[in-house]
Each structure stands twice: as C-alpha cells, then as structure tokens.
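Remarks on the overall topology
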Amino acid sequence: MTAAETNEPTDLPGDLGTARAPVVVAIDGPAGSGKSSVSRAVARELTFGYLDTGASYRALAWDLLDRGIDPAEAGTVIAELPNFAFAIGTDPADYYVRVGSTDVTDAIREPRVTGVVSLVARIPEVRAELNRRFRALMAATSFGGIVAEGRDITTVVAPDAPVRILLTASEEARMGRRSKELTSESAAAVGAALRSRDEADSRVVDFMNAADGVTTVDSTHLDFDQTVAAVVDVVQTETARTPHGG
Ligand code: DC
C-alpha cells in the first residue's frame, strides 16, 4: 500500500498532496469579543500555533502612517503593498509583530492606528494580498494545528477548516471588556469607537452572523476561562468528527 492510499504523511519531494496539513481552527468575531486573548489561550492549551490576522491589517495601517501615506487613498495603498515587510510570531508563547526591523507589537494598538485600520481593511486588493500571506503562514506552521482569528477566517481565508467558530458577546459585554482594557478612555468613548469600527468592518465582511457549518460560542455570560474551555470543547468535538482535518 502506498503512502497516498494509507493517508500517511510522506516526505517525498513534490508529493505535497499527501502531506498532512495542520488542523486549522478558524475563529471570527467582532471587536471586544475577547477573540484574541481567547484564541491565544486555546492555542496554548492545544499546543497549536496562533495567527492574529487583525494584527496584519493594523501593521499595514501603522506602516502607511509611518511613511506619510493616507490610508484612505486606495490606489497609493495598493501600490505600496509589495513593500509591506510584515512579520508575525505564530508561536503563542512568542507573539510579536514587526514591520521591517521595527517591533510594532504595542504601537499597532494605539488609537491613531485603530482609527484608520478599517480604511485599509476595506480595500479588496489589500484583503487578497493579506489572505495569501495568512494561508502561507498557516501552511508553514511547525505545530500540528493553528488557531487563526479575525473577521473572515471562517468564510474567506479558511472556509474548509475542520473547526470554524464565531465568538460573540452582547454589545454591552464587549464594551465593558474593552473599556477595562483601555483605562485612559471613558466608557462612552470606547463604546462609540467600537460601534463605529464594527459598523465599518461589517460592511466589508459579515462577522456578526454564523455562516453555514460555523459553531457560535456566546461568551456574554462566560468568564475568560469558561470561554477558553467552551472553544476547546468545540475543537475537540469537531476534530473527533473529522480526525484527519480539512
Ligand atoms: O481584531 P482587530 O481589532 O485587531 O482587527 C483590526 C482591524 O482589521 C479591524 O478593524 C477589522 C480588520 N480585520 C479584517 O477586516 N479582517 C480580518 N480577518 C481581521 C481583521
């Protein structure tokens, strides 16, 4: 029996079709749903890699601001895409975001970046290029699986993933969590900013409703550990149904 017939991994050069692909856990959800911290904790628990796709949209917005380019000028942004030297750590224990040799892990969370990131994310050419990079990063992971989180992972980036989850929480719960993270801003300002960003982003991709086959985990009444446990539970149930991943 050949390796292809037994579905075993093989190291034959060029025989990529039979190499076992990493198990992709796709997680989408709105801002403030706790997606990033939950996804990272789930990755640690499963000994999987972790891919924060929002960080790359943020890093591109940071790069454009750094170069003095207006993120609203789609033509200029598209022309700059080949120069976007982006790197991200996909080991949950070693998370970093870099543009060229600059570490931007913290800088991309600044309000000046958050304020313009939706302008960048709405450009189809930007999405296509970043999606290409996400798929390459997922395929290259040295872990047995990877938790990839964002807004369109379950629908566009990895629609064939064996595990697809929409992580939601009521708007009130999301605003409460966000304002605790950003102590310098008033709850009202945080709420307004969150709502307007979700509105802008959801015009581009629908991350408020679960697509067919996507499991919803509602964290409104769950604490952090309970949310992580609920997501791990979905991963275990789904991978038991499809043992060889997708
Ligand atoms: O999850 P986040 O707040 O770091 O995401 C930053 C922005 O990037 C957000 O405004 C929406 C956008 N985004 C997207 O359009 N598609 C993704 N897969 C991830 C993020």
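Look above for the structure.
Notes on the structure in this doc start here. Keep in mind it's a predicted model, so treat the numbers as computed, not measured. (Residues numbered from 1 in each chain as written. Predicted model: local features only at pLDDT ≥ 70, side-chain atom pairs only at ≥ 80, totals over all residues. Heavy atoms only, no water.)

Overview of the overall build of the chain
Note the following rule: A run of DSSP states H or I qualifies as a helix once it reaches four residues; a run of E qualifies as a strand once it reaches two. Both are numbered from the N-terminal end. Working definition: with a 1.4 Å probe on protein chains only, accessible area under 20% of the residue-type maximum means buried, over 50% means exposed, and in between means partly exposed. Residue contacts are counted whenever heavy atoms from the two residues lie within 4.5 Å of one another. Note that accessible areas follow from Shrake-Rupley with a 1.4 Å probe, and for residues the cover is restricted to the protein chains shown.
Secondary structure assignment for the chain yields 11 helices and 8 strands. Looking at the 246 residues of the chain, the share that counts as buried comes to 46%. Here the contacts in the chain between residues at least 6 apart in sequence split such that 75% fall between residues at least 24 apart. Working note: accessible area of the chain is about 12,100 Å², and carbon and sulfur atoms make up 52% of it.

What to know about the site of the ligand
We apply this condition: For this purpose, a residue is taken to be near a molecule or strand whenever a single non-hydrogen atom of the residue falls within 4 Å of it. Contacts described as polar in this section are N or O atom pairs within 3.5 Å, which, within protein, must combine one atom able to donate a hydrogen with one able to accept it, while residues neighboring in sequence count only if both atoms come from side chains. Note that Gly is not counted as nonpolar here; it falls among the polar residues with everything else outside the nonpolar set of Ala, Val, Leu, Ile, Met, Phe, Trp, Tyr, Cys and Pro and the charged set of Asp, Glu, Lys and Arg.
Taken together, 16 residues surround the ligand, and among them R58, R127, R151, D152 and D201 come closest. Between the ligand and R58 there is a distance of 2.7 Å, counted from an oxygen atom to a side-chain nitrogen or oxygen. The side chain of R151 places a nitrogen or oxygen atom 2.9 Å from an oxygen atom of the ligand. Looking at the shell around the ligand, the elements that each hand over two or more residues are α3 (53–66), α6 (117–121) and α10 (187–202). Residue contributions to the shell around the ligand peak at 4 residues, all from α3. Split by residue class, the shell around the ligand holds 4 nonpolar, 4 polar and 8 charged.

Some details on the pairing of strand β2 (residues 49–52)
Rules: At least two DSSP bridges between two strands are needed for those strands to be called paired.
Every second residue of β2 is oriented toward a common face, with G49 and L51 on one face and Y50 and D52 on the other, all of them buried. In the sheet, β2 pairs with strand β6 (residues 145–150) via 4 bridges, with the strands oriented parallel. Looking at β6, one finds that L51 is bridged to A148.

Re the pattern of salt bridges
Any two side chains of opposite charge can pair, on the condition that their charged atoms come close. Here is the rule: Salt bridges are counted wherever a side-chain nitrogen of Lys or Arg sits within 4 Å of a carboxyl oxygen of Asp or Glu.
Tallying each qualifying case throughout the model produces 11 salt bridges. One salt bridge in this structure joins D52 and R109, with 3.2 Å as the shortest N-O distance. Of the two residues, D52 sits in strand β2 while R109 sits in the loop between β5 (102–103) and α5 (111–114), which places them 57 residues apart along the sequence. In this structure, R174 engages D198 in a salt bridge whose closest nitrogen and oxygen atoms are separated by 2.8 Å.

A look at the side chain of D28
We apply this condition: The positive count covers Lys and Arg only, the negative count covers Asp and Glu only, and His and the chain ends enter neither.
Looking at where D28 falls in the secondary structure, it is placed in strand β1 (residues 23–28). Buried charge without a partner: D28 forms no salt bridge, and the closest opposite charge is K35, 6.7 Å away. A polar side-chain atom of D28 sits 3.4 Å from the main-chain amide nitrogen of R151. Contact partners of D28, with chain neighbours within four places excluded, come to K35, G150, R151, D152, I153, T154, T155, I165, L166 and L167.

Observations regarding the sheet that holds strand β3 (residues 86–88)
Spatially, 3 strands are ordered β3-β4-β5 in an open sheet, and the strand pairing comes out antiparallel. With one partner strand each, in any of the chains shown, β3 and β5 form the two edges of the open sheet. Bridge count between strand β4 (residues 97–99) and β5: 2 bridges; the pairing is antiparallel. The residue of β5 that forms the bridge with V99 is T102.

Take it as geometry only, folks, not as evidence of what the structure does.
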